[in-house]
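Structural features, examined
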Amino acid sequence: MRERAVVREVGLRDGLQSLKEMMPTEAKIGWLEAEYAAGVREIEVSSFVPPRLLPQLADAESVVRYAQGLKGLNLSVLIPNLKGAERGFALGVSAMNFVLSVSDGHNRANVRRSTEESVEELRHVVARCRAQPPDRRPRVACVLATAFGCAIEGEVPEDRVRRIALEAAEAGAGEIVLADTVGYGNPAAVKRLFRRVMADVAPVPVCAHFHDTRGLGLANVLAALDAGARAFDASLCGLGGCPYAPAATGNIVTEDLVFMLEAMGFETGIDLERLLEVRKILAANLPGVPLMGAVAKAGIPKNFPARRSARAAA
Ligand code: ZN
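Definitions and cut-offs
Residues numbered from 1 in each chain as written. Predicted model: local features only at pLDDT ≥ 70, side-chain atom pairs only at ≥ 80, totals over all residues. Heavy atoms only, no water. Helix = DSSP H or I, 4+ residues; strand = E, 2+ residues; numbered from the N terminus. Buried < 20%, exposed > 50% of the residue type's maximum accessible area, 1.4 Å probe, protein only. Pairing = 2+ DSSP bridges. Axes fitted to C-alpha atoms, helices over the stretch in contact; angles between N-to-C directions. Contact = heavy atoms within 4.5 Å. Donors = N, O, S within 2.8 Å, 3.2 Å for Na, K, Ca; no water. Parallel < 35°, antiparallel > 145°, perpendicular 65-115°, else oblique. Left-handed = near helix turned anticlockwise from the far one by under 90°. Nonpolar A, V, L, I, M, F, W, Y, C, P; charged D, E, K, R; others polar. Right-handed = clockwise from strand over helix to strand, strands pointing away. Phe/Tyr/Trp six-rings, centres within 6.5 Å; stacked < 30°, edge-to-face > 60°.

Attention now moves to the environment of Leu166. Here Leu166 lies in helix H7 (residues 158-171). Residue classification places Leu166 among the partly exposed residues on the basis of a relative accessible area of 32%. C-alpha of Leu166 to C-alpha of Val201: the two residues are 35 residues apart in sequence and 5.8 Å apart in space.

Further remarks concern the sheet that holds strand S8 (residues 231-234). Here we have eight strands rolled up into a closed barrel, ordered S1-S2-S3-S4-S5-S6-S7-S8, and parallel in their pairing. Within this sheet the neighbouring strands show an average axis-to-axis angle of 25°, counted without direction. Two strands pair when backbone bridges link them, and strand S3 (residues 74-79) and strand S4 (residues 95-101) are joined in this way by three bridges, in the parallel orientation. The residue bridging Leu78 from the neighbouring strand is Asn97, located in S4. Along the sheet, helix H6 (residues 115-130) makes contact with S3, S4 and strand S5 (139-145), crossing S4 at roughly 165°.

Once that is clear, we can look at the coordination of the zinc ion. Those protein atoms acting as donors to the zinc ion are Asp14 (OD), His209 (NE2) and His211 (NE2), and they sit at 2.0 to 2.1 Å. Mapping the donors of the zinc ion onto the primary sequence gives the spacing D-x194-H-x1-H. This pair shows no difference in class: His209 is buried, exactly as His211 is.

Closest axis-to-axis distance for the helix H4 (residues 82-91)/H6 pair is 9 Å, and the angle between their directions is 20°. Put simply, H4 runs roughly parallel to H6. Judged by the sense of rotation from one axis to the other, the crossing of H4 with H6 is right-handed. In this structure, H4 contributes Leu82, Ala85, Glu86 and Phe89 to the contact, and H6 contributes Glu121, His124, Val125, Arg128 and Cys129. The residue inventory of the contact of H4 with H6, partitioned by class, reads five nonpolar, one polar and three charged.

In this section: the pairing of S5. Among the seven residues of S5, six are classified as buried, and the element is accordingly described as predominantly covered. Relative to S5, S4 runs parallel, the two being bridged by seven bridges. Each residue of the ladder has a partner; that of Met96, found in S5, is Val140. With four bridges connecting them, S5 and strand S6 (residues 175-180) associate as parallel partners. Bridging from a neighbouring strand, Val143 pairs with Val177 of S6. Handedness of the β-α-β unit built from S5, H7 and S6 comes out right-handed.

On to the environment of Ala208, then. With respect to the helices and strands, the residue Ala208 is situated in strand S7 (residues 206-210). Taking the C-alpha atoms as reference points, Ala208 and Val143, 65 residues apart in sequence, are found 9.3 Å from one another. In contact with Ala208, other than residues within four places in its own chain, are Val177, Leu178, Phe194, Ala224, Ala231, Phe232 and Asp233.

What follows concerns helix H9 (residues 217-227). Since the α-helix turns once every 3.6 residues, residues separated by three or four places project in the same direction. Those residues of H9 that sit buried are Gly217, Asn220, Val221, Ala223, Ala224, Leu225 and Ala227. In this fold, the buried residues of H9 make contact with S6, helix H8 (187-201), S7, S8 and helix H10 (254-263). Phi for Gly228, located one or two positions after H9, is positive at around 115°.

A few words on the packing of aromatic side chains. Under the counting rule described, the total for this entry stands at four aromatic pairs. Ring centres 6.5 Å apart and planes at 15° place the aromatic pair Phe148 and Phe194 in the stacked group. Here the residue Phe148 occupies a position in the loop between S5 and H7, and Phe194 occupies one in helix H8, the gap between them amounting to 46 residues. You'll find Phe148 and Phe194 in the same group, each marked buried.

The interhelical angle for the contact between helix H2 (residues 25-37) and helix H3 (residues 60-67), taken along N-to-C directions, is 30°, at an axis separation of 10 Å. Accordingly, the angle class assigned to the pair H2 and H3 is roughly parallel. Taken as a pair, H2 and H3 cross one another with a handedness that is right-handed. Two secondary-structure elements touch here, H2 through Thr25, Lys28, Ile29, Leu32 and Glu33 and H3 through Ser62, Val63, Tyr66 and Ala67. Partitioned by chemical class, the residues of the contact of H2 with H3 number five nonpolar, two polar and two charged.

Here's what the structure looks like:
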């Protein structure tokens, strides 16, 4: 039995929100369906932020409703506040990712509140979730953005990250996500922080959200794996960018992440060949947007183990 590693696709949210191009709802649904068919079972499908702030994701309700029809798909939606959560309750969404920035400056720029005020908001969100009927009670994860550094404040002290992570876990978050929003992290910092936060908040799982802004995305994955993390966010074609570095690359590439994990012996449940095919949907619908990915360029090597096992499982 191979050990499981979870790959969560966040391109439909993190990827699309940082592009100026708009992807039609039909294309998003095609993308969602194709990744689901490739075996992806964790997808952050959209974001419940005000449509005037993120017109790219104004069709969140339609995309969520479609995703809810895919059997066995663990879909989640990003929420910045209680208002976003209310949109989730209305749809009966089963998982929400509440995002706050550990850096006060970044949090104020994003949601016009201090980090502590966002933690307080998380408490309200969890309380409202618990008031829902059991079959409509969503799981709430807390995403700690700028956990490895901030484009506004620079250094983000590790003790502060640990404190906010613990407060979020105590507030009732069922999962903590340490996010390197601007690509300031490095493998040593990742390994240290994951070890510490995992010990602090256990048994609450700690997941990883890395950007490849400075080329360290997969190295950071390896460091988090070493620390014991087993769930990773990624974006197809590495879609997404960084508002503070316009030419920068985005999230780590889902295809390359799946390749690395499977090659290392982990089981992701994802068929890499079929996943690579999904790139065509992005190429057709986002003309001019650079599509990243080393495996897509070089091809799957002949000694790739999951080629055989994926066929056997089919
Ligand atoms: Zn991100």
